[in-house]
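Chain by chain, the residues run as shown.
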Amino acid sequence: MWVARWAKTLAERHAQALHRSPRVLTLLPGARVRQGGRELINFCSNDYLGLSLHPAVRAAFVAAADRYGVGAGASHLVTGHGPEHEALEQALAAFTGRDRALVFSTGWMANEGVIRALAGRHDLICQDRLNHASLLDGALATGAELWRYPHGDVAALAARLAEQGKTKPTLIVTDAVFSMDGDIADLPALVATARANEALLMIDDAHGFGILGPEGQGTAAAFGLSQDDVPVLIGTFGKALGTFGAFVAGSELLIDYLVQCARPYIYTTALPPAVAAATRASLEVLTREPERRAALQARIRQWREGAAQLGLTVLPSVTPIQPVILGSAERALRWSRALEAAGLLVAAIRPPTVPAATARLRITLTAEHSAADVERLLTALAALQREDPAVVGHAGA
Ligand SMILES: *Cc1c(COP(=O)(O)O)cnc(C)c1O
């Protein structure tokens with residue numbers, strides 16, 4: 001019975017061109033990957049600033065591994081919390097302008113753990129429909145009433161909360177930069193809505209942290225929003241910081257509460273100290289080498305101008321995430337395969353990761369790409385646009 005069920009699901013995925021499997025890639029400098037014997041330009045990486053290979057970040061990792069060993073050996077509240085974790089949490093609090101920060105092993109665990117610690121079955125959780133899967137799963141696990149509001153529709157959110165009239169404790173949760181669309185949540189409007197309704201606002205800045213804001217402090221900083229405005233701030237290390245792990249930052253009281261109540265914090269082994277050390281080195285590089293963020297912005301501008309000239313259906317994104325909407329899963333796969341044949345690695349993102357009929361290429365740009373790399377991508381897309389024109393002009397959800 002079980003095996004038949006798995007086989008049925010797999011057969012369906014194949015039939016719908018939705019079957020996926022990981023491939024073995026070796027990451028190389030300069031936004032390149034080696035696959036088998038071939039070198040490809042990587043337009044799929046979330047390592048937006050190329051920090052995973054940065055000499056200072058690697059040196060910090062190696063030095064800490066030599067000094068402290070590889071594993072933390074226990075959870076934070078037992079004996080796993082070492083000087084590197086402590087130093088990283090202090091650096092994160094200072095960098096984000098929050099009282100205190102708490103490190104989690106992954107962004108998934110931070111999101112799920114924080115939501116489950118904050119809300120219960122008598123509460124209301126409002127989430128943008130395009131939020132990351134970890135936010136959705138976290139909310140479902142609380143047993144709270146869950147309302148997924150239409151993407152970006154803060155007016156709808158405000159209307160519903162006004163109608164409800166503060167009868168239920170409410171948590172509003174949003175991606176700050178949407179991971180499949182690249183657009184930025186209207187945080188000032190969300191802050192105002194949360195205030196007006198005495199709701200708590202939590203943002204997941206996985207893709208804004210390190211990129212947006214004066215020194216890369218993230219999307220809240222880009223809007224000039226303080227801890228009072230955005231009381232629960234999540235950031236991750238696996239994207240722009242080029243390492244691994246995540247954090248939540250906020251008031252002393254909030255963090256102390258989470259230390260007691262966030263189960264994925266309490267019941268898991270602390271990050272390897274070397275990962276904490278490397279992450280702190282990454283934070284220092286962010287401040288010290290603003291030219292990396294400037295290079296990324298130049299590539300984003302180049303891409304957007306080129307894509308507009310080609311008439312591609314792109315979304316209004318000013319972040320490194322630059323989707324090209326193609327409609328059907330088959331078409332997205334076709335384009336992705338053709339680009340790969342031309343030496344360009346670009347992921348086809350298909351349902352259920354994105355809504356039906358919005359299958360897309362998810363291009364990510366990094367500071368490691370050269371202008372020539374982006375030019376090559378544009379040239380290849382121009383050829384595909386001529387050979388395989390759109391049947392539907394769907395511009396996304
Ligand atoms: C990647 C991502 C996460 C998960 O972070 P990990 O550290 O990789 O588990 C959470 N939220 C968003 C929006 C993400 O893109």
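If you're wondering where the values come from, they're calculated on a predicted model, not measured in any experiment.

## A short note on the overall build of the chain
The number of helices and strands found in the chain is 15 helices and 14 strands. A compact globule built from 397 residues would reach a C-alpha radius of gyration of about 21 Å, and the chain, at 21 Å, matches this within 12%. Dimensions of the chain along its principal axes, counting C-alpha atoms only, are 60 × 55 × 55 Å. Split into buried and exposed, the 397 residues of the chain put 53% on the buried side. When contacts within the chain are restricted to residue pairs at least 6 apart in sequence, those whose partners lie at least 24 apart make up 72%. Accessible surface, the chain as shown: approximately 17100 Å² in total, 56% of it carbon and sulfur. Positive and negative side-chain charges of the chain, numbering 37 and 38 respectively, have mean locations separated by a distance of 7 Å.

## Observations concerning the pattern of salt bridges
Across all of its chains, the model carries 14 salt bridges by this definition. Put simply, E145 and R160 hold a salt bridge, and the shortest N to O gap is 2.7 Å. With E145 in strand β6 (residues 145-149) and R160 in helix α7 (residues 154-164), the pair connects residues that are 15 residues apart, well separated along the chain. Take E145: its relative accessible area is 32%, and that puts it in the partly exposed class. Assessed through its relative accessible area of 24%, R160 is described here as partly exposed. Bridged by salt links that share partners, the residues E145, R160 and K168 form one connected network.

## Brief notes about the pairing of strand β10 (residues 246-250)
Taking burial as the measure, the five residues of β10 include five buried ones, the bulk of the element. Examined bridge by bridge, strand β4 (residues 100-104) and β10 share five bridges and lie antiparallel to one another. Among the inter-strand pairings, A101 is bridged to a residue of β10, identified as A249. Bridging between strand β9 (residues 232-236) and β10 involves four bridges; their strand directions are antiparallel. For T236, the partnering residue across the bridge sits in β10 and is A246.

## Here's the deal with the site of the ligand
Among the 14 residues in the neighbourhood of the ligand, the closest are listed as G107, W108, D204, H207 and K239. Backbone polar atom of W108 to an oxygen atom of the ligand: 3.0 Å apart, as the coordinates give it. Here an oxygen atom of the ligand sits 2.7 Å away from a polar atom, N or O, in the side chain of K239. No other element matches helix α5 (residues 107-118), which puts three residues into the shell around the ligand. Residues belonging to the shell around the ligand are distributed by class as follows: two nonpolar, nine polar and three charged.

## A look at the sheet that holds strand β13 (residues 347-349)
Ordered in space as β11-β14-β13, the three strands form an open sheet in which the pairing is antiparallel. Each end of this open sheet is capped by a strand with a single partner; those strands are β11 (321-327) and β13. For this sheet the average axis-to-axis angle between neighbouring strands, irrespective of direction, equals 30 degrees. One ladder, built from six bridges, connects β11 with strand β14 (residues 359-364); its direction is antiparallel. Across the sheet, P323 pairs through a bridge with R362, a residue of β14. Contacts between helix α14 (residues 329-341) and the sheet are confined to β11, β13 and β14, with β14 contributing the most and set at about 35 degrees to the helix.

## What to know about the packing of α5 against helix α6 (residues 133-142)
Contact geometry of α5 with α6 gives a least axis separation of 8 Å together with a crossing angle of 30 degrees. On the basis of their axis angle, the class for α5 and α6 is roughly parallel. In this structure, α5 meets α6 at a crossing whose hand is right-handed. Judged by residue contacts, W108, N111, E112, I115 and R116 of α5 engage A133, S134, L135, D137, G138, A139, A141 and T142 from α6. Per-class residue counts for the contact of α5 with α6 are six nonpolar, four polar and three charged.

## Overview of the confidence of the model for the chain
When pLDDT is averaged along the chain, the result is 95; 98% of the residues meet or exceed 70. Overall, residues 392-397 carries pLDDT values under 50, and its contacts beyond four positions in sequence, including any with other chains, amount to 13 contacts.

## So, α6
Looking only at α6, the buried set comprises S134, L135, L136, G138, A139 and T142. Of the surrounding elements, those touching the buried residues of α6 are α5, β5 (124-128), β6, β7 (170-175) and β8 (200-204). Backbone geometry just after α6 places G143 at a positive phi near 75 degrees.

## A closer look at the packing of aromatic side chains
Applying the stated criterion across every chain, the model contains five aromatic pairs. When the centroid spacing of 5.9 Å and the interplanar angle of 80 degrees are considered together, the rings of F95 and F209 count as edge-to-face. Pair noted here: F95 is in helix α4 (residues 83-96) and F209 is in the loop between β8 and α9 (219-222), with a separation of 114 residues, a long-range link. The pair formed by F95 and F209 is uniform in burial state, with each residue classed as buried. Centre to centre, the rings of W147 and Y149 are 6.1 Å apart; their planes meet at 55 degrees, and the pair counts as tilted. Residue Y149 is classed as buried on the basis of its relative accessible area, which comes to 1%.

## Observations concerning the packing of α5 against helix α10 (residues 252-261)
The interhelical angle for the contact between α5 and α10, taken along N-to-C directions, is 100 degrees, at an axis separation of 10 Å. In this view, α5 runs roughly perpendicular relative to α10, as classed from their interaxial angle. Packed against α5, whose contacting residues are V114, A117 and L118, the element α10 presents L254, Y257, L258 and C261 at the interface. Its residues placed into classes, the contact of α5 with α10 shows seven nonpolar, no polar and no charged.

The rules behind the values
Residues numbered from 1 in each chain as written. Predicted model: local features only at pLDDT ≥ 70, side-chain atom pairs only at ≥ 80, totals over all residues. Heavy atoms only, no water. Helix = DSSP H or I, 4+ residues; strand = E, 2+ residues; numbered from the N terminus. Rg over C-alpha atoms; globule rule 2.2 N^0.38 Å. Buried < 20%, exposed > 50% of the residue type's maximum accessible area, 1.4 Å probe, protein only. Contact = heavy atoms within 4.5 Å. Areas by Shrake-Rupley, 256 points an atom, 1.4 Å probe, with all protein chains shown as cover. Lys, Arg positive; Asp, Glu negative; His and termini not counted. Charge placed at Lys NZ, Arg CZ, Asp CG, Glu CD. Salt bridge = Lys/Arg side-chain N within 4 Å of Asp/Glu carboxyl O. Pairing = 2+ DSSP bridges. Near = heavy atom within 4 Å. Polar contact = N/O pair within 3.5 Å; in protein donor to acceptor, adjacent residues only side chain to side chain. Nonpolar A, V, L, I, M, F, W, Y, C, P; charged D, E, K, R; others polar. Axes fitted to C-alpha atoms, helices over the stretch in contact; angles between N-to-C directions. Parallel < 35°, antiparallel > 145°, perpendicular 65-115°, else oblique. Left-handed = near helix turned anticlockwise from the far one by under 90°. pLDDT = per-residue confidence, 0-100. Phe/Tyr/Trp six-rings, centres within 6.5 Å; stacked < 30°, edge-to-face > 60°.

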